[in-house]
Amino acid sequence: MTRRTIIELSAQPFDADAIAAAFRQGIEEAGAVVTFLGQVSREEVDNPVTALHLDHKPEATLASIERIADNAEARWPLIKSCIIHRVGTVQIGQPIVFVGCAARHRRDAFEAADYLMDFLKSDVLLWKKEIRGETADWIEPRQQDYTDKKRWES
Amino acid sequence: MRVSFFGRLADLLGSRTLDDAPDDLTTGADLRDWLAQAHPQLRDPLAHSGTRLMLDNEITDWHMPLREAEDIAIIPIVSGG
């Protein structure tokens with residue numbers, strides 16, 4: 001079956017509004033369009049994160065996102081979906097991930113977007129480093145990320 | 001043989017790739033043992049169960065033979081996006 005999800009890894013900042021507008025084109029049969037934007041947030045703590053760095057292995061990282069997209073397409077009747085993920089260094093306030101899901105009915109679009117984000121947060125072949133001024137730490141998924149993913153097992 | 005590293009492993013090594021691994025290493029486990037000796041900064045992360053061997057972009061077991069692989073990589077536990 002042909003994949004209906006547009007997938008892109010972007011090494012440069014992307015314009016989420018332009019991507020959302022383009023995503024809505026040509027899907028008149030969709031009654032629901034859900035778009036989600038994740039961005040690097042500013043922390044209100046001492047020594048806050050100043051940027052994230054996402055290391056990736058291009059072919060394998062893309063394949064890991066394709067597997068998640070294929071599972072979502074098999075589970076919900078999506079008319080179209082889209083995953084854009086940043087790689088490289090992402091500054092505070094910049095988009096890190098865009099997900100769009102279009103379906104005939106809203107529940108399918110909401111659930112598919114939620115599912116995609118839960119798996120993107122835990123299963124994608126990315127290695128994330130939090131940069132805090134002059135220091136940096138590689139991080140692993142939080143327990144909450146695994147818990148979020150388990151919601152979809154039933 | 002050429003081996004590539006990602007995430008914290010590349011940082012610890014100070015390089016994305018290594019070209020000095022001997023070509024006669026047979027399996028991923030042999031490569032892991034050689035790396036732990038030749039590059040001691042990798043010894044602890046190589047012993048971590050989350051550190052995996054990738055051959056031709058597929059995560060695989062350490063006992064797999066290396067000879068057919070065109071792309072050999074060692075990856076730490078993924079963080080997700």
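Reading the values: rules and limits
- Residues numbered from 1 in each chain as written.
- Chains lettered and ligands numbered in written order.
- Predicted model: local features only at pLDDT ≥ 70, side-chain atom pairs only at ≥ 80, totals over all residues.
- Helix = DSSP H or I, 4+ residues; strand = E, 2+ residues; numbered from the N terminus.
- Rg over C-alpha atoms; globule rule 2.2 N^0.38 Å.
- Buried ≥ 20, exposed ≤ 12 C-beta atoms within 10 Å, placed from the backbone.
- Contact = placed C-beta atoms within 7 Å.
- Pairing = 2+ DSSP bridges.
- Axes fitted to C-alpha atoms, helices over the stretch in contact; angles between N-to-C directions.
- Arc of directions from axis to C-beta.
- Nonpolar A, V, L, I, M, F, W, Y, C, P; charged D, E, K, R; others polar.
- Expected span 1.5 Å × (residues − 1).
- Parallel < 35°, antiparallel > 145°, perpendicular 65-115°, else oblique.
- Left-handed = near helix turned anticlockwise from the far one by under 90°.
- Core = buried A, V, L, I, M, F, W, Y, C linked by C-beta atoms within 7 Å.

Undergrad: How would you summarise the overall build of chain A if you had to cite specific residues and measurements?
TA: Looking only at helices and strands, chain A features four helices and eight strands. Here chain A has a C-alpha radius of gyration of 16 Å; the compact-globule value for 154 residues is 15 Å, and the two agree. The dimensions of chain A, computed from C-alpha atoms along their principal axes, are 50 × 35 × 30 Å. Taken across its 154 residues, chain A has 32% of its residues classed as buried. Look at the contacts in chain A between residues 6 or more apart in sequence, and 75% of them connect residues 24 or more apart.

Undergrad: Just give me the short version of the sheet that holds strand β7 (residues 126-132) of chain A, but keep the residues and values in it.
TA: All names here are of chain A. Taken together, the four strands give an open sheet; going across it, the order is β5-β3-β7-β8, and neighbouring strands pair in antiparallel fashion. Lying at the two open borders of the sheet, with one neighbouring strand each, are β5 (88-91) and β8 (135-139). For this sheet the average axis-to-axis angle between neighbouring strands, irrespective of direction, equals 25°. In terms of strand pairing, β7 meets β8 through five bridges, oriented antiparallel. Across the sheet, residue Glu-130 finds its bridge partner in β8, namely Asp-137.

Undergrad: Tell me about unusual backbone geometry, residues and numbers included.
TA: One non-glycine residue, Asn-47 of chain A, lies in positive phi territory at about 50°. By the element assignment, Asn-47 of chain A lies in the loop between β2 (32-39) and β3 (51-56). In this structure Asn-47 of chain A comes out as exposed when scored by C-beta crowding, with 10 C-beta atoms within 10 Å. Residue Asn-57 of chain B is not a glycine yet carries a positive backbone phi of 70°. For Asn-57 of chain B, the position within the fold is in the loop between β3 (52-55) and β4 (58-60). On the basis of neighbour counts, which here come to 18 C-beta atoms within 10 Å, the residue Asn-57 of chain B falls in the partly exposed class.

Undergrad: Break down helix α2 (residues 28-38) of chain B for me, citing the residues and quoting the values.
TA: If you check which residues of α2 of chain B are buried, you get Gly-28, Leu-31 and Leu-35 of chain B. Along the long axis of α2 of chain B, the arc covered by the buried residues comes to 55°, so they all point the same way.

Undergrad: Lay out the interface of chain A and chain B with the relevant residues and their values.
TA: Every contact between the two is made by 22 residues of chain A and, on the other side, 13 residues of chain B. For the side of chain A that touches chain B, the secondary-structure elements that each account for two or more residues are α2 (58-75), β6 (95-103), α3 (106-123), β7 and β8 of chain A. The element contributing the most residues to the side of chain A that touches chain B is α3 of chain A, with four residues. Partitioned by chemical class, the residues of the side of chain A that touches chain B number twelve nonpolar, two polar and eight charged.

Undergrad: So what about α3 of chain A? Which residues, and what values?
TA: Residues and elements named next belong to chain A. With 18 residues, α3 should reach 26 Å at 1.5 Å per residue; the first-to-last C-alpha distance of 25 Å fits that figure. Where α3 is concerned, the buried positions are Asp-108, Ala-109, Ala-112, Ala-113, Tyr-115, Leu-116, Asp-118, Phe-119, Leu-120, Lys-121 and Ser-122. In this structure, the buried side of α3 is in contact with β2, α2, β4 (78-86), β6 and α4 (143-150).

Undergrad: Which residues make up the packing of α2 of chain A against α3 of chain A, and what values go with them?
TA: All names here are of chain A. Here α2 crosses α3 at 155°, and the two axes come no closer than 10 Å. In this view, α2 runs roughly antiparallel relative to α3, as classed from their interaxial angle. The crossing of α2 and α3 is right-handed. Contact with α2, carried on its side by Ser-64, Ile-68 and Ala-72, involves Ala-112, Tyr-115, Leu-116, Phe-119, Leu-120 and Asp-123 of α3 and no other residues of that element. Residues that form the contact of α2 with α3 fall into these classes: seven nonpolar, one polar and one charged.

Undergrad: Tell me about the nonpolar core, and please be specific about residues and values.
TA: As a rule of thumb, soluble globular proteins bury nonpolar side chains together. Of all hydrophobic cores here, the largest spans 50 residues; its most connected members are Ala-72, Ile-83, Val-99, Cys-101, Ala-103, Ala-112 and Leu-116 of chain A. Excluding its chain neighbours within four sequence positions, the residues that come into contact with Ile-83 of chain A are Thr-5, Ile-7, Ile-65, Ala-69, Val-99, Leu-116 and Leu-120 of chain A.

Undergrad: Break down the packing of α3 of chain A against α4 of chain A for me, with residues and values.
TA: The angle between the axes and the distance between the axes are what describe a pair of packed helices. Residues and elements named next belong to chain A. Contact geometry of α3 with α4 gives a least axis separation of 9 Å together with a crossing angle of 140°. Here α4 runs oblique to α3, going by the angle between their axes. In terms of crossing hand, the pair formed by α3 and α4 is left-handed. Side by side, α3 and α4 meet where Asp-118, Phe-119, Lys-121 and Ser-122 of the first sit next to Asp-145, Tyr-146, Asp-148 and Lys-149 of the second. Among the residues forming the contact of α3 with α4, the class breakdown is two nonpolar, one polar and five charged.

Function cannot be read off these values alone, since they describe shape.
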